[in-house]
Amino acid sequence: MRLISAALAVALTPVFVALPTVSFASTDAPHPVRPSVVSTPISGIDAPAAARETAPGHRGLALSGHSRAGTRVTSVLTGEQARKRFTVAGISWAGTTDLTADDVTVEVRLKEDQGWTGWEALPVPDDGPQPGTPEAVGARLGTTPIVSEGATGIQVRVDTPDGRTLPDLKVTTIDPGTSSADDNLTPAQPAGSASAAAIQPTIITRAQWGADESLRGSKTLSSTVKAIVIHHTAGTNDYTPETAAAQVRGIYAYDTQGLGWADIAYNFLVDKWGRVYEGRAGSITEPVRGAHAMGFNTDTMGISAIGNYETATAPSVMVDSIAKVAGWKLSQYGVSPTATTRLTSQGGTGARYAAGVTVTLPTINAHQNTSYTLCPGKYLYPQMDTIRTKAANYAQYSNTAGAVPVATSQLYATYGSLTLKTGSTGTAVRDLQTELNRRGYPVGTADGDFGPMTASGVSAFQKAAQLAVTGTVASNDWKALSGLAYTKLAPPAPTVVTPIAGFNADGRGDVLGRTGAGDLYYYPAGTSTIGTPVRISSGWGSFRQVVSPGDWNGDRFSDVIATTSAGAVYLYKGNGKGGLLAGRTLLSTTWASYADVLTPGDFTGDKKPDLLARKANGELWLVAGNGKGGFTGTWRKLGYGWQTYTQVVTPGDVTGDGKPDLLGRTPAGGLYLHAGTGSTTGPAYKGQSRISYGWKGYNTVFSTGDLTGDGRADLIARTAANANTVFPGTGKGTFTTGKALKAPWGSTTMIVGVR
């Protein structure tokens, strides 16, 4: 169909769609998140599954080892069970069996977005409610939960001594739900009070991480706290800051709904970024008894590192935060973090000591000190002495009963002759931390321990103040902190990383296409031509949308972002050669409401590509990229009314002013221009104007930027019969008459431009 220019069709009165209206987003408040929990009984041997397991190349159903109770053989092998999408799963059974954790082997396979995984063994831990307590009535035994980025199927294998049956065996799958507040978990610094106890570290409360309080039972208190037990959750280490809270919700749901416990096992949890989460309800203010160390739950509290530290090193910020929580809690009860205490075992499955045996233990001990377990893992266990020392420093220097902090103006006079660095402790460090926090360089609680967070805060201050960035505080730094004249460095010349256009980094935009079978292809572009397709990989059919935002991670090469209907967002890094690097990064799990992800290029003017996300209700949101493979955290609602377009196209700058523009195509075939303003605070786009009509016959319209080689952004349109046309841009917000384009993709291929 020939396109009619709006400038020539003077007799036609344009009927404009509702003009998108600018509004601004507000921070989403934390709220309880109701998980979806599905528990089903499993038993017996599934014949088709058994046939697969006994086929050549598989290990079969023969012996899998020995235990004290006999030879372990497979007692349960399920088929590949389809499930509603979940991220947490576990296997549990009634506590009426005499089999211990050492007797049972449980393995699972999951169907994730890229297909079925291999078999993975789930540890059977020795934690749980104390025998003889009300919480133990009806409590179940089970595995540590497995955490996935998202799965829709599960298969289970259970090996027991001589194939003995586990009573009431069940598989539980959990979708912990999502909350927009997960992206911005920033706990407030607790108010201090004059006390000999240490200052409470910053803690993400149950309300903040979205605990559904209707799931838990009543709490039970110990009379005091004599010791802290260190654990790890033994789950995935691949979580992100945005998915950590969902992981805590998943563990909480499994402990309460899958295992029948009164609450989550641990009193506190700590993630890879050193963020502390309130575990069992009331643990911040009371000596709440947990279900974390069988035989030794009474008069102890459990702190668990989120992740598996049998396979990975615990980050230093995590170790620091574990120490802070331990030092704070013990100081409340007058207990030294470096001392020992005597605890009497109450027995139970997996406990190292029989009921009634009194044991001398460190006041900060590891789970493996009292149970037959590897917890907290071979990489975290060697940190126990470090945790005790740091906890002692925190307990000593973070309390407010000591010397009054030195005023800002007196820092140089008081400490100017001191050099502080990583490992330094004392009131000088405490006062440094207090000043850095006051200036907006957060280092956590002022605990008098110069650790990684303090070094990071010092470096950030030094960079902002044009000081030598050393992470160490010396005389000139004390002057700057005191507000006195100091010696500045000459500002460095800005470093500009210029992305290279095109998926093969040849400076020209290209095309990506996804076939109905789920294969992803790259189509190299030349001057007004599309070259021979190159197959990148398979398995892309499960994604709702696949787009290229440009260089998302700052390595100059164009990348790929893929989204699922469940809200997962993945980054696949380009290699600059028309392909992708191995692996992927989960960026978020909360995008289910965004039906259309757009790639405008650099919307905010910071030389880093951004995304636009359109909801089905017509809201259009800006999601700013940080140029490092993630988001800045800035979400801004640009307006509403965009549901009136069947397609929104991001060609880049079509008006010649250097600002990215948008094009909207209506069901009637009208093409409208929304010229970008470049404003990050005011209206994002000027009023709409119709460019032309006659676009109804195309099933998709997209842009690779300049295809014709004249330096102006063009459009490519395809019909259902796979007739393709290129419309050269004028650089003035319009396009000239289309020209036939020979393209190698099929009519069903979903195609997008790479600028």
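Please refer to the structure placed before this passage.
Residues numbered from 1 in each chain as written. Predicted model: local features only at pLDDT ≥ 70, side-chain atom pairs only at ≥ 80, totals over all residues. Heavy atoms only, no water.

S.K.: How do you make sense of helix 5 (residues 384-397) when you look at a structure like this?
M.R.: At 3.6 residues per turn, the α-helix brings residues three or four places apart onto the same side. Compared with an ideal rise of 1.5 Å per residue, which puts 14 residues at 20 Å, helix 5 spans 20 Å between its outermost C-alpha atoms and is within 8% of the ideal. For helix 5, every residue scored as buried is listed here: Met384, Ile387, Arg388, Lys390, Ala391, Asn393, Tyr394, Ala395 and Tyr397. Its buried side turned inward, helix 5 meets strand 13 (227-232), helix 4 (316-332), strand 18 (358-362), strand 19 (364-366) and helix 7 (427-438). (Helix = DSSP H or I, 4+ residues; strand = E, 2+ residues; numbered from the N terminus. Expected span 1.5 Å × (residues − 1). Buried < 20%, exposed > 50% of the residue type's maximum accessible area, 1.4 Å probe, protein only. Contact = heavy atoms within 4.5 Å.)

S.K.: Before we go on, may I ask you to explain the sheet that holds strand 41 (residues 750-754) in this structure?
M.R.: Pairing between sheet strands relies on hydrogen bonds along the backbone, with the strands arranged either parallel or antiparallel. With antiparallel pairing, four strands are arranged side by side in an open sheet as 24-21-20-41. A single partner strand is all that each edge strand has here, and the edge strands are strand 24 (534-537) and strand 41. Looking at each pair of strands side by side, their axes are set apart by 30° on average, direction ignored. (Pairing = 2+ DSSP bridges. Axes fitted to C-alpha atoms, helices over the stretch in contact; angles between N-to-C directions.)

S.K.: Looking at this structure, how should I read the nonpolar core?
M.R.: Within soluble globular proteins, side chains that are nonpolar tend to cluster in buried spots. In this structure, Ile228, Phe268, Tyr277, Ile303 and Ile364 are the most contacted members of the largest nonpolar core, which totals 57 residues. Looking at this core, the element that brings in the most residues is helix 4, giving eight residues. Both domains that furnish three or more residues to this core are identified here as domain 1 (36-175) and domain 2 (203-398). With near-sequence residues (within four places) excluded, Ile364 lies in contact with Ile228, Ile230, Ala326, Leu330, Pro337, Met384, Ile387, Arg388 and Ala391. In this structure, Val76, Val156, Val158 and Leu166 belong to the second largest nonpolar core, which totals 22 residues. (Core = buried A, V, L, I, M, F, W, Y, C linked by side-chain atoms within 4.5 Å. Domains from an automatic or database assignment.)

S.K.: Which parts of the structure should I look at to understand helix 4?
M.R.: Here helix 4 contains 17 residues, and its C-alpha end-to-end distance of 25 Å stays within 8% of the 24 Å for a straight helix at 1.5 Å per residue. A large share of helix 4 lies buried, amounting to 15 of its 17 residues. Looking one or two residues beyond helix 4, the residue adopting positive phi is Gly334, at roughly 70°.

S.K.: Would you take a moment to explain the sheet that holds strand 13 for this structure?
M.R.: Pairing is mixed across the open sheet formed by six strands, whose spatial order is 12-15-14-16-13-19. Either end of the sheet is taken by a strand with one partner, and the two such strands are strand 12 (203-204) and strand 19. With six bridges joining them, strand 13 and strand 16 (residues 300-305) adopt parallel strand pairing. The residue of strand 16 that forms the bridge with Ile228 is Met301.

S.K.: What exactly am I supposed to notice about the packing of aromatic side chains here?
M.R.: In this description, an aromatic ring pair is defined by two values, namely the gap between the centres and the angle between the planes. Within the structure shown, the criterion is met by 27 aromatic pairs. Measuring from ring centre to ring centre gives 6.1 Å for Phe296 and Tyr353, while their planes differ by 85°; the resulting arrangement is edge-to-face. Linking Phe296 in the loop between strand 15 (276-278) and strand 16 with Tyr353 in the loop between strand 17 (340-344) and strand 18, this pair joins segments that are 57 residues apart in sequence. Relative accessible area serves as the criterion here: at 3%, Phe296 is assigned to the buried category. (Phe/Tyr/Trp six-rings, centres within 6.5 Å; stacked < 30°, edge-to-face > 60°.)

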